[in-house]
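# Fold and geometry: a report
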Amino acid sequence: MKKKILSAVKLYSFIIIYCITVFFLYSFYLMKYNKENVIIEIIIGISIFFIIGLCYGNFIHKKGLIVGIISGSIHIFLIKLIYFMSVGEINMNWIVILIYILSSGIGGLIGIMFKKII
């Protein structure tokens, strides 16, 4: 029981630190650069969501595709919520959102294949 609690504390502390870092970098990117270079934004997003799915799949070590898709969807929702709160408009590109969620699911599948990191 104590091992599960300690593992959960490590997982959620890592997730909180990671989310704060990602939100800071994303908001800095929005303030600093225009959205002229869409390809680089998509590549960075795919790599970030792949790493998110990889981490969640490795932490939970069960049902990697489902865990990756759920974690990707939650992160998309949080990023869109922060964007809406900062700018005041909803900007939804469904193809990009589906690509991000798919890359997170693939990361979750690959994450369960490795030995647990934490």
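The preceding data block contains the structure.
So, a few notes on the structure that sits alongside this text. This one's a predicted model, so the numbers in the text were calculated from it and none came from an experiment. (Residues numbered from 1 in each chain as written. Predicted model: local features only at pLDDT ≥ 70, side-chain atom pairs only at ≥ 80, totals over all residues. Heavy atoms only, no water.)

## A few points about the packing of helix α2 (residues 38–60) against helix α3 (residues 64–87)
Between α2 and α3, the shortest axis-to-axis distance is 9 Å and the interhelical angle comes to 130°. Taken together, the axes of α2 and α3 are oblique relative to one another. Here α2 runs over α3; the crossing is right-handed. Taken together, the residues of α3 that come into contact with α2 (itself represented by Phe49, Ile52, Gly53, Tyr56, Gly57 and Ile60) are Val67, Gly68, Ser71, Gly72, His75, Ile76 and Ile79. (Axes fitted to C-alpha atoms, helices over the stretch in contact; angles between N-to-C directions. Helix = DSSP H or I, 4+ residues; strand = E, 2+ residues; numbered from the N terminus. Parallel < 35°, antiparallel > 145°, perpendicular 65-115°, else oblique. Left-handed = near helix turned anticlockwise from the far one by under 90°. Contact = heavy atoms within 4.5 Å.)

## What about the nonpolar core?
If you look at the biggest cluster of nonpolar residues, it comprises 16 residues, and the most contacted ones within it are Ile15, Phe49, Ile52, Tyr56, Ile76 and Tyr100. Looking at this core, the elements with two or more residues in it are α1 (2–32), α2, α3 and α4 (94–111). The element that contributes the greatest number of residues to this core is α1, accounting for 5 residues. Aside from chain neighbours lying at most four places away, what touches Tyr100 is Glu41, Ile42, Gly45, Ile46, Phe49 and Ile76. (Core = buried A, V, L, I, M, F, W, Y, C linked by side-chain atoms within 4.5 Å. Buried < 20%, exposed > 50% of the residue type's maximum accessible area, 1.4 Å probe, protein only.)

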